[in-house]
Amino acid sequence: MKKAKKYAEYFITKMRVVFHQKKYIHDKKAIKYIYEKQGKKDLIIDFSSCTRKGIKARYNYVRTLKNMDLDQLFILDDYGFDGRGIYYLGKDMDFFVERAVFHMISHITSGNHYQRIIFAGSSKGGYGALNFGFMFPGSCIIAGAPQYHLGNYLMDWDNHLDDTLKYITGKTRNYVSKAVVNDLNSHLHDKIRNYKSDKSAVSIYLHYSRQEHTYQEHIKDLIKDLKDNGFYVREDAGEYKNHSDVSLYFPDYLKMVAQLIIDSEESDENG
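Quick caveat, the model's predicted, so the values are computed rather than measured.

Cut-offs used in this document
- Residues numbered from 1 in each chain as written.
- Predicted model: local features only at pLDDT ≥ 70, side-chain atom pairs only at ≥ 80, totals over all residues.
- Heavy atoms only, no water.
- Buried < 20%, exposed > 50% of the residue type's maximum accessible area, 1.4 Å probe, protein only.
- Helix = DSSP H or I, 4+ residues; strand = E, 2+ residues; numbered from the N terminus.
- Pairing = 2+ DSSP bridges.
- Right-handed = clockwise from strand over helix to strand, strands pointing away.
- Core = buried A, V, L, I, M, F, W, Y, C linked by side-chain atoms within 4.5 Å.
- Contact = heavy atoms within 4.5 Å.
- Expected span 1.5 Å × (residues − 1).
- Phe/Tyr/Trp six-rings, centres within 6.5 Å; stacked < 30°, edge-to-face > 60°.
- Lys NZ or Arg CZ within 6 Å of the ring centre and 35° of its normal.

Trainee: Please clarify how the pairing of strand β5 (residues 116-122) should be interpreted in this entry.
Mentor: Two faces make up the sheet, and in a regular strand the side chains alternate between them. Within β5, seven of the seven residues are buried, which leaves it mostly tucked inside the rest of the structure. Taking every second residue as pointing to the same face, both faces of β5 are buried, with Arg116, Ile118, Ala120 and Ser122 on one and Ile117, Phe119 and Gly121 on the other. Both strand β3 (residues 42-47) and β5 contribute to a ladder of five bridges, which runs parallel. Paired with Ile44 across the two strands is Ile118, which belongs to β5. Bridge analysis of β5 against strand β6 (residues 140-144) gives five bridges, and the strand direction is parallel. Bridge pairing in β6 links Ala120 to Ile142. Taken together, β5, helix α4 (residues 124-133) and β6 constitute a β-α-β crossover, and its handedness is right-handed.

Trainee: Looking at this model, I keep getting lost on the nonpolar core. Mind explaining?
Mentor: Nonpolar side chains tend to gather and get buried jointly when the protein is soluble and globular. Of all hydrophobic cores here, the largest spans 84 residues; its most connected members are Phe47, Ile75, Phe134 and Ile142. Among the elements that take part in this core, helix α9 (residues 246-269) stands out by supplying eight residues, more than any other. The contact partners of Phe47, leaving out residues within four places of it in the chain, are Asn60, Ile75, Tyr88, Val101, Ile105, Phe119, Ala120, Gly121, Gly125, Gly128, Ala129 and Phe132.

Trainee: Just to check I follow, could you spell out helix α3 (residues 96-110) for this structure?
Mentor: An α-helix turns once per 3.6 residues; consequently, residues spaced three or four apart project the same way. The terminal C-alpha atoms of α3 lie 21 Å apart, and with 15 residues this matches the ideal 21 Å at 1.5 Å per residue to within 8%. Within the span of α3, buried status applies to Phe96, Val97, Glu98, Ala100, Val101, Met104, Ile105, Ile108 and Thr109.

Trainee: Quick question: what am I supposed to make of the packing of aromatic side chains here?
Mentor: Centre distance and the angle of the planes are the two values used to describe a pair of aromatic rings. Inspection of every chain in the model, using the stated rule, returns 16 aromatic pairs. Between the aromatic rings of Tyr87 and Tyr127, the centroid separation amounts to 5.4 Å while the plane-to-plane angle is 85°, which identifies the pairing as edge-to-face. One end of the pair, Tyr87, is in the loop between β4 (71-75) and α3; the other, Tyr127, is in helix α4, with 40 residues separating them in the sequence. Across the pair, Tyr127 and Tyr87 agree in class, each one buried. Aromatic ring contacts, followed pair by pair, group Phe47, Tyr88, Phe102, Phe119, Phe132 and Phe136 into a single cluster. The positively charged end of Lys29 is found above the aromatic ring belonging to Phe96, 5.1 Å away from the centroid. The aromatic ring of Trp157 is capped on one face by Arg173, whose charged end is 4.1 Å from the ring centroid.

Trainee: Is there a simple way to think about the environment of Lys199 in this case?
Mentor: Relative to the helices and strands, Lys199 resides in the loop between α7 (178-193) and β7 (203-209). Residue Lys199 is classed as partly exposed on the basis of its relative accessible area of 24%. Sequence spacing of Lys199 and His189 is 10 residues, and the spatial spacing of their C-alpha atoms is 15 Å. Setting aside residues no more than four positions away along its own chain, Lys199 makes contact with Asn229, Gly230 and Phe231.

Below, the structure written as structure tokens:
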């Protein structure tokens, strides 16, 4: 049943791309996106996860969020030698994509008076949700099984991300220095550690499974660092063994949490 929903998501997304995809240009760099503006009080921003080798990047969770009482912004990460994405960062350690996406989100949100901005995604998209969520004070972040120590993850042979590693660092695996690996490992950690705004205003929802490798390699440390730096984390633990299965379990969690956020705001407005 979950796989059938996943295939339905793919076809609905393809239709949305044909009719609604646009490009945002910043510093001569193009970011592809779909912005569904309906005049809602909240905006959810969804970041794409990594596809299998040989498959170019896709938008995620378009069907999942369909008909929810939210304005919706889907941002595609299709840079890289293989078009699978580069964690919304950049090329040769110049994080131009990160700057362009930040500029686009700032442009869209500054022109609207959203009560709440929700950053969402799983795996690579979860990394993106966290990375950009901490750039906008008071955000809600809904992340599913995200990577955290990005340098280690890209360097791991088992993850088959040689093209991504080479694009981001400008080097093949054998020539990437420890300093560069450490810079990538600390990229998200530094945003957590250096966050200066009101931490109690940030809502972090984290879905994962302790039975798949991402928990021990990334999420365990992520949770510790978040808590050590004063953030409150709401956790949801699944029971699947393969990292790819997050795409089967995260949609229901995403929809549930997004609805909780909507309902909680309505309760606040009604006293």
